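What the coordinates show
Residues per chain are reported as follows:
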Amino acid sequence: MSYETVLYETSENIAKITMNLPDMRNPLDEQLTSDLIHAIQKADSDSEVRAIILTGAGKAFSAGGNLKDFKEYAEKSVPQLYQEGLESTVLFKLGAIVKTPIISSVNGAALGGGTGLVAMSHIAIASDQAKLGLTEMKLGLVPYVILPWVRRAVGDRRFMEMMLTAEVIDAEKAKEYQLVHHVVPHDQLEEKTWELAKTIASHSPLAVGLGMEAFFATEQMDFMRSFDYLSTLRLVSFKSEDLNEGASAFLDKRKPIWTGK
């Protein structure tokens, strides 16, 4: 399947999804949002893909919403706006649903919804030229859909400050805020991103998927009940071909051959 607004490519068990509206700074308009949803779901359903890289073409990662769309909202009915908004909701739910880790490679400005994508990703690595921020208040808007992810990443107090000041921060401060995990020189971003993705892709896809499930399933679970849930879930690992292969490969001092079973 080809997409209007994203580039999709796979190599070495890694899917790279590039938001491809560079002249518009990759805005999360209706079409780009729809394409991102389908591309991420495609990668997650591909048994050969073990890590997903998300990045932007040109100088920006994603500058958030399209200002032209905002101006048209007053002319649309509430049901129409609600239906269109469901796409954004679907996109930002994916971070807690997919079993394939998403790595955001933040190549430039990631503002508004762009910051939301970074916060949604499971690992984020940023260029030292990247800028992030919740700029919605400058437009008379609230960062509704991305609020849960950014709040979860930076904490309640920091989120409130970011939302109310609409400050744009540099990559180092974003790392301090825990929006990104790593900051690297701009010319090393692609190399370092692929190194990270290859490390994840080298692990058992079954174990990675189970780890993702365990993390998100227990997040809102009663503390004591979570132990019971995890004790049950680990039976899948104990009876898996991948655990047997991993143990055998370690003892034989060789590289494991994963089947994901």
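The structure reproduced in this document is the subject of the present report. Along each chain, numbering runs from 1 in the same order as the chain's sequence is written. Local features in a predicted model are, by the rule used here, given only for residues with pLDDT of at least 70; side-chain atom pairs are given and counted only at 80 or more, and totals for whole chains, interfaces and linings are based on all residues. Excluded from the side-chain calculation are hydrogens and water; included are all heavy atoms of the structure.

Describing the overall build of the protein
Keep this limit in mind: Numbering of helices and strands runs from the N terminus, with a helix taken as a DSSP run of H or I at least four residues long and a strand as a DSSP run of E at least two residues long. As defined in this context, the radius of gyration uses C-alpha atoms, and a globule is described by 2.2 Å times the residue total to the power 0.38. To sort residues, take the accessible area from a 1.4 Å probe on protein chains only and compare it with the maximum for the residue type: under 20% means buried, over 50% means exposed, and anything in between is partly exposed. Here, two residues are considered to be in contact whenever any of their heavy atoms come within 4.5 Å of each other.
On a plain count of helices and strands, the protein comes out with eleven helices and ten strands. In terms of overall dimensions, the protein is globule-like: its C-alpha atoms have a radius of gyration of 19 Å, near the 18 Å expected for 261 residues. Projected onto its principal axes, the C-alpha positions of the protein cover 65 × 45 × 40 Å. The 261 residues of the protein split such that 44% are buried. The long-range share in the protein, meaning contacts at least 24 apart out of those at least 6 apart in sequence, stands at 69%.

Topic: the sheet that holds strand β4 (residues 60-62)
Note: strands within a sheet are paired through backbone hydrogen bonds, in either parallel or antiparallel orientation. For clarity, the cut-off: Note on pairing: DSSP must find at least two bridges between two strands before they are called paired. Note on geometry: axes are lines fitted to C-alpha atoms, helical ones only across the stretch in contact, with angles between N-to-C directions running from 0 to 180 degrees.
On the basis of which strands lie adjacent, the open sheet formed by four strands has the order β4-β6-β8-β9 and mixed pairing. Because the sheet does not close on itself, it has two edges, and the strands there are β4 and β9 (168-170). Sheet twist, expressed as the mean angle between neighbouring strand axes with direction ignored, is 20°. Judged from the three bridges that link them, strand β8 (residues 131-133) and β9 form a sheet pairing that is antiparallel. Note that in β9 the partner of lysine 131 across the bridge is aspartate 170. Sheet strands in contact with helix α4 (residues 113-120) are β4, β6 (109-111) and β8, and its direction is about 95° off that of β6.

Looking at a negative patch on the surface
What counts is decided by this rule: Each patch is built from residues lacking any salt bridge and having more than 30% relative accessible area; the joining distance is 9 Å for like charges and 5 Å for nonpolar side chains (Val, Leu, Ile, Met, Phe, Trp, Tyr). Surface accessibility follows the Shrake-Rupley procedure with a 1.4 Å probe radius. Residue values consider only the protein chains on display as shielding. Salt bridges are identified by distance alone: a Lys or Arg side-chain nitrogen within 4 Å of an Asp or Glu carboxyl oxygen. Only four residue types enter the tally: Lys and Arg on the positive side, Asp and Glu on the negative side; His and the chain ends are excluded. In plain terms, the charge of a residue is placed at NZ if it is Lys, CZ if Arg, CG if Asp and CD if Glu.
Judged by side-chain charge, Asp128, Asp170, Glu172, Asp187 and Glu191 come together as a negatively charged surface patch. Among the structural elements, glutamate 191 can be located in helix α8 (residues 189-201). Here glutamate 191 falls in the partly exposed class, since its relative accessible area comes to 48%.

Points about helix α11 (residues 241-252)
Threshold: Any helix carries an expected span of 1.5 Å times its number of residues minus one. What the arc measures is the spread of directions leading from the helix axis to the C-beta atoms.
Given a rise of 1.5 Å per residue, twelve residues ought to cover 16 Å, and the 16 Å separating the end C-alpha atoms of α11 matches this to within 8%. Looking only at α11, the buried set comprises Asp242, Glu245 and Ala249. Projected down its long axis, α11 shows its buried positions confined to an angular sector of 60°, all on one face. In α11, the exposed positions angled more than 90 degrees off the buried face are occupied by Asn244, Phe250 and Leu251. Where α11 is buried, its residues meet α9 (205-218). Of the residues trailing α11, lysine 253 is marked for its positive phi of about 55°.

Brief notes about the packing of aromatic side chains
Where we set the bar: Stacked, edge-to-face and tilted labels apply to pairs of Phe, Tyr and Trp rings (six-membered ring for Trp) whose centres lie within 6.5 Å, assigned for plane angles under 30 degrees, over 60, and everything in between, in that order. We call a charge positioned above a ring when the Lys NZ or Arg CZ atom is no farther than 6 Å from the ring centre and deviates by at most 35 degrees from the ring normal.
A full pass over the atoms with the stated rule returns four aromatic pairs. Centre to centre, the rings of phenylalanine 215 and phenylalanine 216 are 5.0 Å apart; their planes meet at 85°, and the pair counts as edge-to-face. Geometrically, the ring pair formed by phenylalanine 223 and phenylalanine 227 is edge-to-face, given 5.1 Å between the ring centres and 90° between the ring planes. In this pair, phenylalanine 223 and phenylalanine 227 both sit in helix α10 (residues 223-238), four residues apart, roughly one turn of the helix. The exposed category is assigned to phenylalanine 223, whose relative accessible area is 58%. The rings of Trp149, Phe215 and Phe216 are connected pair by pair, giving a single aromatic cluster. Sitting over the face of the ring of tyrosine 8, lysine 42 holds its NZ or CZ atom 4.3 Å from the ring centroid.

Section: the pattern of salt bridges
Going through the model one piece at a time under the given rule, you end up with ten salt bridges. A salt bridge links glutamate 245 to arginine 254; the shortest N-O distance between them is 2.7 Å. Of the residues examined, glutamate 245 reaches a relative accessible area of 16% and is grouped as buried. Judged by its relative accessible area of 36%, arginine 254 falls in the partly exposed class. Across the pair aspartate 252 and arginine 254 runs a salt bridge whose closest N-O atoms are separated by 3.6 Å.

Points about the packing of helix α5 (residues 147-154) against helix α6 (residues 156-165)
For clarity, the cut-off: Oblique is the label for any angle not covered by the other classes, which are roughly parallel (under 35 degrees), roughly antiparallel (over 145) and roughly perpendicular (65 to 115). Should the near helix be turned anticlockwise from the far one by less than a right angle, the crossing is left-handed, and should it be turned clockwise, the crossing is right-handed. Each residue gets one of three labels, nonpolar for Ala, Val, Leu, Ile, Met, Phe, Trp, Tyr, Cys and Pro, charged for Asp, Glu, Lys and Arg, and polar for the others, Gly among them.
At a closest axis distance of 7 Å, the pairing of α5 and α6 adopts a crossing angle of 125°. Considering their axes alone, α5 and α6 lie oblique with respect to each other. Relative to α6, the crossing made by α5 is right-handed. Across the interface between the two elements, Leu147, Val150, Arg151 and Val154 from α5 touch Asp156, Arg158, Phe159 and Met162 from α6. Of the residues belonging to the contact of α5 with α6, the class tally is five nonpolar, no polar and three charged.

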